[in-house]
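# Structural description and commentary
Take a look at the letters that make up each chain.
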Amino acid sequence: MRLTPETLPAIQQALAAAGVDGWLLYDFRATNPVAGQMLGLEGMVSRRVFCLVPRTGAPVAITHAIEQGPWTDWPSAWGKVVYSGWEPLTAELGALVAGRTVAMEYSPEDAVPYVDRIPAGVIEMVRAAGATVVTSGNLVSQFFAAWTADDMRTHSATAEALASIADEVLTECGRRARGGTPVREFEAMQWVQDAFRARKLITDHGPNVSIGANAANPHYEPTAAHSDLVVTGQVLLLDLWAHPADGMWADQTWMAWVGDDPIPARVQAAWEAVRDARDAAITQLRTAHAAGAPLRGADADDAARHLLIARGYAGQILHRTGHSIDRISLHGSGPNLDNLESRDVRDLVPGCGFSVEPGVYFAGEFGIRSEVNGVIQADAVVITPGVIQQEMRRV
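Worth saying up front: this structure is predicted, and the values here are computed from it rather than measured. (Residues numbered from 1 in each chain as written. Predicted model: local features only at pLDDT ≥ 70, side-chain atom pairs only at ≥ 80, totals over all residues. Heavy atoms only, no water.)

What the protein contains, in helices and strands, is 9 helices and 17 strands. The globule rule puts the C-alpha radius of gyration for 395 residues at 21 Å, and the 24 Å found for the protein is close to it. The dimensions of the protein, computed from C-alpha atoms along their principal axes, are 75 × 40 × 35 Å. For the protein, with 395 residues in total, the buried portion stands at 54%. In the protein, the share of contacts with a sequence separation of at least 24, taken over all contacts with a separation of at least 6, comes to 67%. Treating the 31 positive side-chain charges of the protein as one cloud and the 46 negative ones as another, the clouds have centres 1 Å apart. (Helix = DSSP H or I, 4+ residues; strand = E, 2+ residues; numbered from the N terminus. Rg over C-alpha atoms; globule rule 2.2 N^0.38 Å. Buried < 20%, exposed > 50% of the residue type's maximum accessible area, 1.4 Å probe, protein only. Contact = heavy atoms within 4.5 Å. Lys, Arg positive; Asp, Glu negative; His and termini not counted. Charge placed at Lys NZ, Arg CZ, Asp CG, Glu CD.)

Laid out in structure tokens, this is it:
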């Protein structure tokens, strides 16, 4: 969401509900994507920018004298202060925030690094100006990371496309392996990329096609120089993510067993644990939502992780249960399903999207992960794609 006269009332209502005096946006050379998106600045912005969105009244921006171009569309009814030196900047900031409690992209003790965008020195500067600084984490979730109806529509279409591509690629990998002409991981990755282009989908890298021991590396990605054959008698992991040109990301992971040999009991047990952990996280969210209770990604992460630990996989858990997804980034700035890597106790408010992807990894042997996506709506927790994986596929 961009800060405009139309969106200002909703932001101010949230500030009042949070009991803070304002939201202090700060940016320097695009280091804070939240401020950049909210302010909608275009062109060169190479000097420090502050903008106070107060609980009542008009926003006020502090801007540099040589960079007025990006502020052409700033509403004339709103305040704009121009500075050139550091002393006027310090004075203007003090006049704006002294005695106020302001929310900034800051996370105490870096508990949620995805919100911790403001340099420590700037926090010191704002405090020295007489302000009390609190985290803007819930504001970021509500006004920066939340999906629109169009985001939901494009995500749903992309999710179904990814599920179809995964089915095609896994099937062909299995056919080639059983036929004695196995494909290399890198070639299979190119199949996915070709399918993306055919469907006008975009990705930033990948996907992850991992056979056997390579699947034990959650961030494995084959290259032309390092790519193993997809052969029978192995676990095959396919992780793929993409978005349309002007739409929302989707991100999925699918698991298969290549060939006709029986799936080893150890592999089957790991698959069932991961599947059940995924479903435990979803159930936790849906149960809380139905009860009208707060929805926290940390609680969903606990539900999934505790199940995996109870099944004996404490040593094989390498990452959180899920990450935020927003329009700006596949790994977004909203609440994560995470109480492992970080203490993300932010609420999952309507519009927050995320992945649900528990995994267990056995170094040098194999890895298992199952990934679907979710979004909180006013009346439901929606999971995509429409049909999610329940059994280890045989290909």
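Still more to cover.
Okay, the pattern of salt bridges next. Taken as a whole and assessed by the stated rule, the structure comprises 20 salt bridges. Arg-153 is the partner of Asp-150 in a salt bridge, and the nearest nitrogen-oxygen pair spans 2.5 Å. Pair noted here: Asp-150 and Arg-153 are both in helix H6 (residues 149-178), with a separation of 3 residues, about one helical turn. Its relative accessible area of 53% is what places Arg-153 among the exposed residues. Between Asp-344 and Arg-346 there is a salt bridge, with its nearest N and O atoms 2.9 Å apart. (Salt bridge = Lys/Arg side-chain N within 4 Å of Asp/Glu carboxyl O.)

What follows deals with the sheet that holds strand E11 (residues 324-325). With antiparallel pairing, the 4 strands of this open sheet are ordered in space as E11-E12-E15-E16. Strands with a single pairing partner mark the edges of an open sheet, and in this sheet they are E11 and strand E16 (380-384). Bridge count for strand E12 (residues 353-356) against strand E15 (residues 372-377) is 4 bridges, and the pairing is antiparallel. Bridge pairing links Phe-354 to Gly-374 in E15. In the packing of helix H8 (residues 265-291) onto the sheet, contacts are made with E12, E15 and E16, and the angle to E16 comes to roughly 155 degrees. (Pairing = 2+ DSSP bridges. Axes fitted to C-alpha atoms, helices over the stretch in contact; angles between N-to-C directions.)

Right, let's get into the pairing of strand E14 (residues 366-369). The alternating pattern of E14 places Phe-366 and Ile-368 on one face and Gly-367 and Arg-369 on the opposite face, and all of these are buried. Here strand E13 (residues 359-362) pairs with E14 via 4 bridges, running antiparallel. Its bridge partner being in E14, Gly-359 is matched across the sheet by Arg-369. Following E13, the chain reverses through 3 residues before pairing antiparallel with E14; Gly-364 in that reversal takes a positive phi of roughly 80 degrees.

Fair warning: the whole summary comes from geometry, so function is off the table for now.
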